[in-house]
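# Topology and contacts: notes
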Amino acid sequence: MNDESYPVHGAGLGLRRTLMRTIADQPVNSVDFWEIAPENWIGVGGFYGKKLRAFTEQYPFICHGLSLSIGSPSPLDEAFLQRLKRFLITHRIRCYSEHLSYCSDDGHLYDLLPIPFTEEAVHYVAGRIRRVQEILDQRIAMENVSYYAAPGQQMAEIDFLNAVLEEADCDLLLDVNNIYVNSVNHRYDAEVFLQEIPAKRIRYIHIAGHHNEADDLLVDTHGADVIDPVWSLLEKSYQQFGVIPTLLERDFNMPSLQTLELEVSRIQELQRKWRYRCHEYIQHA
């Protein structure tokens, strides 16, 4: 895929309210694009609402949702989807993504729970994704999620993921850290998993830190620095798929903006390295 295939370019960072005043006082040119959770911003006014509007007019933005609950047994919240659609249009959001999981039934559960890896679940979830795309009038990207149990599993994780993407005809938000976390927790080869990802469906990449609970149990927290094996897996992604827009996730234990920029710059360094290697390969092919 070439650069025109992606909604944004380069290396991005999740925008948290704790960063707003810093960014407002000192424009950030080291970050190529920003990501927000729309649920945290829909209907927000005052200082934060005005600043968000100013930022979305100045920088490229994408949205990563928290409450779609695509695998929930409850009906889709179509009233929320209509509000979301207006928000995406108002702020010229370039891509909307969500988690391939569920987080609600009669009420919100405040956690991302795994969808059973079954054929029945593939058909159910794919139908709901198609309905979301119909309401929003755009393709959406689903993220491969971290999970700690696989109730009722009848398919491998990669087969379930690929079946949903194909049947729903939607895109993929490739979370490299989640692949690494799951590979340790469920004892599979992360690189083999990566090789089975359909390149044509990837819209962008997430990279994040996690917590080591034990040697065989990692917890996806987005609250720590990215570790070397995850950086290596990101490089493997660039090697296999070419350079893809990549976003650094950090949700708590927030360091300074300057510290976050160092990790964003590391993404950019890897992108330059693999863009150069791809160019060299083409030149000598």
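For the structure itself, consult the block above.
Notes on the structure follow. Just so it is clear, the model here is predicted, and its values are computed rather than measured.

On to the overall build of the protein chain, then. Looking only at helices and strands, one finds 9 helices and 12 strands in the protein chain. For 285 residues, the compact-globule formula gives about 19 Å, and the C-alpha radius of gyration of the protein chain, at 18 Å, lands near that figure. Considering only C-alpha atoms, the protein chain reaches an extent of 50 × 50 × 40 Å along its principal axes. Buried residues in the protein chain amount to 50% of all 285 residues. Contacts spanning at least 24 positions in sequence make up 80% of the contacts within the protein chain whose residues lie at least 6 apart.

What follows concerns the pairing of strand β4 (residues 96-99). Of the two faces of β4, the one lined by Y96 and E98 and the one lined by S97 and H99 are each fully buried. Here 2 bridges tie strand β3 (residues 61-64) to β4, and the two strands are oriented parallel to one another. Bridging across to β4, C63 finds its partner in Y96. Between the parallel elements β3 and β4, the chain passes through helix α3 (residues 78-90) in a crossover that is right-handed. As judged from the 3 bridges shared by β4 and strand β7 (residues 141-143), these two strands associate in the parallel manner. Of the residues in β7, the one forming a bridge with S97 is A141.

Another aspect to go through is the pattern of salt bridges. Inspection of every chain in the model, using the stated rule, returns 14 salt bridges. Across the pair R53 and E57 runs a salt bridge, and its minimum N-O distance is 3.4 Å. Placement of the pair is R53 and E57 together in helix α2 (residues 46-58), with a separation of 4 residues, close to one helical turn. Of the residues examined, R53 reaches a relative accessible area of 38% and is grouped as partly exposed. Close ionic contact of D169 with R139 constitutes a salt bridge, the shortest N to O distance being 3.4 Å. Separated by 30 residues along the polypeptide, D169 in the loop between α5 (157-168) and β8 (171-175) and R139 in the loop between α4 (119-136) and β7 bring together distant segments of the chain. Residue class for R139 comes out partly exposed when judged on its relative accessible area of 39%. Among the ionic contacts, a cluster of salt bridges with common partners joins R139, E166, D169, D171, R201 and R203.

Take the pairing of strand β10 (residues 211-214) next. Consecutive residues of a regular strand have side chains that alternate between opposite faces of the sheet. The pairing of β10 with strand β11 (residues 217-219) spans 3 bridges and is antiparallel. Along β11, the bridge assignment pairs H211 with V219. Taking the residues that link successive antiparallel strands as the turn, the β10-β11 hairpin has 2 residues.

We now examine empty space enclosed by the protein. This model, assessed by the stated rule, comprises 1 cavity of 30 Å³ or more. As a volume, the largest cavity reaches approximately 100 Å³. If you trace the largest cavity, you find it lined by L100, P114, I115, F117, N144, V145, Y147, E157, F160 and L161. Of the residues contributing to the lining of the largest cavity, the split by class is 8 nonpolar, 1 polar and 1 charged.

Turning next to the environment of F55. Looking at the element boundaries, F55 is found in helix α2. Taking relative accessible area as the criterion, F55 reaches 5% and is therefore assigned buried. Separated by 182 residues in sequence, F55 and S237 have C-alpha atoms that sit 30 Å apart. When residues no more than four places from it in sequence are discounted, the contact partners of F55 are L15, M20, I23, A24 and F61.

Another aspect to go through is the environment of L173. Residue position: L173 is located in strand β8. Among residues more than four places away in sequence, those in contact with L173 are H64, S97, A141, M142, E143, N144, Y204, I205 and H206.

Moving on, we get to the sheet that holds β4. Whenever strands of a sheet pair, they do so through backbone hydrogen bonds, lying parallel or antiparallel. Overall, parallel pairing links the 8 strands, which are arranged β1-β2-β3-β4-β7-β8-β9-β12 in a closed barrel. On average, adjacent strands in this sheet sit at an angle of 30° to one another, irrespective of strand direction. Note: strand β1 (residues 11-14) against strand β12 (residues 246-249), 3 bridges, orientation parallel. Residue pairing across strands places G12 opposite L247, the latter belonging to β12. Seen against the sheet, helix α6 (residues 176-185) touches β7, β8 and β9 (202-208) and runs at an angle of roughly 65° to β8.

Each value, and the rule that gives it
Residues numbered from 1 in each chain as written. Predicted model: local features only at pLDDT ≥ 70, side-chain atom pairs only at ≥ 80, totals over all residues. Heavy atoms only, no water. Helix = DSSP H or I, 4+ residues; strand = E, 2+ residues; numbered from the N terminus. Rg over C-alpha atoms; globule rule 2.2 N^0.38 Å. Buried < 20%, exposed > 50% of the residue type's maximum accessible area, 1.4 Å probe, protein only. Contact = heavy atoms within 4.5 Å. Pairing = 2+ DSSP bridges. Right-handed = clockwise from strand over helix to strand, strands pointing away. Salt bridge = Lys/Arg side-chain N within 4 Å of Asp/Glu carboxyl O. 1 Å grid on protein atoms, 1.4 Å probe; cavity = no way out; pocket = protein on both sides within 12 Å on 5 of 7 lines; lining within 4 Å. Points joined across faces, edges and corners; volume = space filled by probe spheres on them. Nonpolar A, V, L, I, M, F, W, Y, C, P; charged D, E, K, R; others polar. Axes fitted to C-alpha atoms, helices over the stretch in contact; angles between N-to-C directions.

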